[in-house]
Amino acid sequence: MSLTFRQVGPCFAAEASGLDITKPITPAQADQIHAAMNEYAVVVFREQPLTDETQMAFTLSLGPIEPPVTTNLRNKDQLRISTNFADVSNLDENNKPFTRDDRRRLFGIGNRLWHSDSSFKVIPAKYSLLHARTVPSKGGDTEFADMRAAYDALDDETKAEIEDLVCEHSQLYSRRLIGFTNFTDEERERMKPVLQRLVRVHPDTGRKSLYLASHAGEIVGWPTPEAMLLLSDLTFHATQREFVYKHQWRKGDLVIWDNRRTMHRARPFPSHEPRDVRRTTLAGEGPTVAQQAA
Ligand code: OGA
Ligand code: MN
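As a convention, each chain's residues are numbered from 1 in the sequence order in which they are written. Chain letters start at A and ligand numbers start at 1, both assigned in the order the entries are written. Owing to the predicted nature of the model, reporting of local features is limited to residues with pLDDT of at least 70; listing and counting of side-chain atom pairs is limited to 80 or more, with chain, interface and lining totals taken over all residues. With hydrogens and water stripped out, all remaining heavy atoms of the structure feed into the side-chain values.

**Q** Is there a simple way to think about the overall build of the chain in this case?
**A** Comment: elements are numbered from the N terminus, with helices defined as DSSP H or I runs of at least four residues and strands as E runs of at least two. For the chain, the helix and strand inventory stands at eight helices and 15 strands. We compute the radius of gyration over the C-alpha atoms and compare it with the globule rule, which gives 2.2 Å times the number of residues raised to the power 0.38. Computed over its C-alpha atoms, the radius of gyration of the chain comes to 18 Å, within 12% of the 19 Å expected for a compact globule of 294 residues. By principal-axis analysis of the C-alpha atoms, the chain measures approximately 50 × 40 × 35 Å. For the chain, the proportion of its 294 residues judged to be buried stands at 54%. Only heavy atoms enter the contact rule, under which two residues are in contact if any of them lie within 4.5 Å. In the chain, 82% of the contacts between residues at least 6 apart in sequence involve partners at least 24 apart. A total of about 13400 Å² of accessible surface is found on the chain, and carbon and sulfur atoms cover 51% of it. Partly exposed residues are those whose accessible area sits between 20% and 50% of the maximum for their type, while under 20% is buried and over 50% is exposed, using a 1.4 Å probe and protein chains only. Residue-level accessible areas treat just the shown protein chains as cover; the underlying method is Shrake-Rupley with a 1.4 Å probe.

If you want it as structure tokens, here you go:
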């Protein structure tokens with residue numbers, strides 16, 4: 001069987017078939033996946049029974065991972081899985097769903113805002129690989145928006161206005177949007193804003209994308225309300241249905257997305273049901289704008 005890709009989204013996103021990713025892959029197969037990522041930006045592998053070990057092996061066959069950095073509110077003694085993974089589940093250290101008002105849950109559901117992973121880090125992420133171990137009985141879809149198509153669809157005046165803008169990104173800004181402001185001083189220090197260009201060029205394809213995320217809360221040199229309104233207008237534009245692919249999870253699905261060209265968001269599901277999804281993340285190639293290391 002050979003590896004093939006079939007487009008499943010409106011202008012991007014493909015489903016792969018003909019490859020068992022629980023087994024080691026060849027460099028040629030890795031190249032094919034990178035080529036598909038450059039074409040489609042989101043690639044779905046259906047029903048692959050990966051373990052932490054095989055998910056990590058597959059991830060490393062596509063490139064180096066991001067250094068592990070805490071990006072949630074779990075304390076060290078509350079970890080379920082290795083810090084080389086992002087624990088995107090709603091589960092506590094005993095594998096029980098968080099209670100509805102647990103602050104780890106309330107911070108975590110900030111994932112329901114449109115975002116791009118690690119845009120709040122000086123070197124933002126390349127690909128994310130999210131694997132579904134347990135899925136809820138309903139809801140819990142993940143939506144993806146094609147920020148290259150969204151950029152292309154802007155009028156020339158807007159493209160010129162935003163070309164050189166630089167935004168500040170922080171998890172403090174995304175959580176502010178949903179009224180979560182209950183941070184310790186240590187967390188505020190850890191979540192200090194970083195700079196990202198609003199328009200970025202993809203290193204492999206040379207194509208421009210809008211680089212938006214709900215983590216973007218300021219535009220350098222702009223008054224805050226005006227910045228937030230422009231970012232909100234651009235986000236509405238970029239997340240119209242014509243630019244969105246919705247992934248309905250089956251147990252075992254692995255979805256890979258290119259954070260440099262897409263945004264994504266989680267959708268709600270019954271809070272008492274377990275949803276165990278685990279993410280590995282490939283390191284980005286560098287900052288989008290020069291700045292002091294965090
Ligand atoms: C992520 C993420 C969305 C989801 O893993 O980075 O935002 O649906 N996940 O869990
Ligand atoms: Mn995410």
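From this point, the discussion proceeds with the structure in view.
**Q** Please explain the coordination of the manganese ion (ligand 2) as it appears in this structure.
**A** Sodium, potassium and calcium take a 3.2 Å donor cutoff, other metals 2.8 Å, and in both cases only N, O and S atoms count; water is not among them, so sites may look incomplete. Looking at the manganese ion (ligand 2), one finds its protein donor set to be His115 (NE2), Asp117 (OD) and His264 (NE2), positioned 2.1 to 2.2 Å from the metal centre. Mapped onto the polypeptide sequence, the residues donating to the manganese ion (ligand 2) form the spacing pattern H-x1-D-x146-H. Taken together, the positions of histidine 115 in the loop between helix H3 (103-108) and strand S5 (127-134) and histidine 264 in strand S14 (residues 262-266) put the pair 149 residues apart, joining distant regions of the chain. Histidine 264 shares its class with histidine 115; the two are buried.

**Q** Sorry if this is basic, but what is going on with the sheet that holds strand S8 (residues 194-197) here?
**A** Sheets are built from strands that pair by backbone hydrogen bonding, the pairs being arranged parallel or antiparallel. By definition, two strands form a pair when at least two bridges between them are found by DSSP. Within the open sheet, the three strands sit side by side as S8-S7-S11. Their pairing is antiparallel. Pairing within the sheet leaves two strands with one partner each, and these edge strands are S8 and strand S11 (216-219). Strand-to-strand twist across the sheet, computed as the mean angle between neighbouring axes with direction ignored, equals 40°. Summarising the sheet, strand S7 (residues 166-169) and S8 pair through four bridges and their orientation is antiparallel. Looking at the pairing, glutamate 168 lines up with leucine 195 of S8. Axis geometry follows a simple rule: fit a line to the C-alpha atoms, using only the stretch in contact for helices, then measure angles between N-to-C directions, giving values from 0 to 180 degrees.

**Q** Help me out: how do you make sense of the environment of methionine 147 in this one?
**A** Tracing the backbone shows methionine 147 in helix H4 (residues 147-152). Residue class for methionine 147 comes out buried when judged on its relative accessible area of 1%. Setting aside residues no more than four positions away along its own chain, methionine 147 makes contact with Ser209, Leu210, Leu212, Ala238, Arg261, Thr262 and Met263.

**Q** Before we go on, may I ask you to explain the packing of aromatic side chains in this structure?
**A** Any aromatic ring pair is given by two values, namely how distant the centres are and how the planes are angled relative to each other. The aromatic pairing rule takes the rings of Phe, Tyr and Trp, using the six-membered ring of Trp, and pairs them if the centres are within 6.5 Å, calling planes under 30 degrees apart stacked, those over 60 edge-to-face and the rest tilted. Here the structure, examined in full by the defined rule, presents six aromatic pairs. Arranged with centres 5.2 Å apart and planes meeting at 55°, the rings of phenylalanine 144 and tryptophan 257 form a pair that is tilted. Of the two residues, phenylalanine 144 is situated in strand S6 (residues 142-146) and tryptophan 257 in strand S13 (residues 254-258); the sequence distance between them amounts to 113 residues. Here phenylalanine 144 matches tryptophan 257 in class, with each residue buried. Taken together, the ring pairs in this structure connect Phe107, Phe180 and Phe183 into an aromatic cluster. Sitting over a ring, as applied to charges here, requires NZ of Lys or CZ of Arg to be within 6 Å of the ring centre and within 35 degrees of the ring normal. The side chain of lysine 126 reaches across the aromatic face of tyrosine 127, ending 5.0 Å from its centre.

**Q** How should I be thinking about the side chain of histidine 131 in this particular structure?
**A** Tracing the backbone shows histidine 131 in strand S5. Look at histidine 131 and you get buried, because its relative accessible area is 1%. A polar contact is formed between the side chain of histidine 131 and the backbone oxygen of glutamine 48, at a distance of 2.7 Å. Here a polar contact is taken to be a pair of N or O atoms separated by no more than 3.5 Å, where protein atoms must pair a possible hydrogen donor with a possible acceptor and residues adjacent in sequence count only if both atoms sit in side chains. Within the local environment of histidine 131, its side chain forms a polar contact with the backbone oxygen of glycine 252, the two atoms lying 3.1 Å apart.

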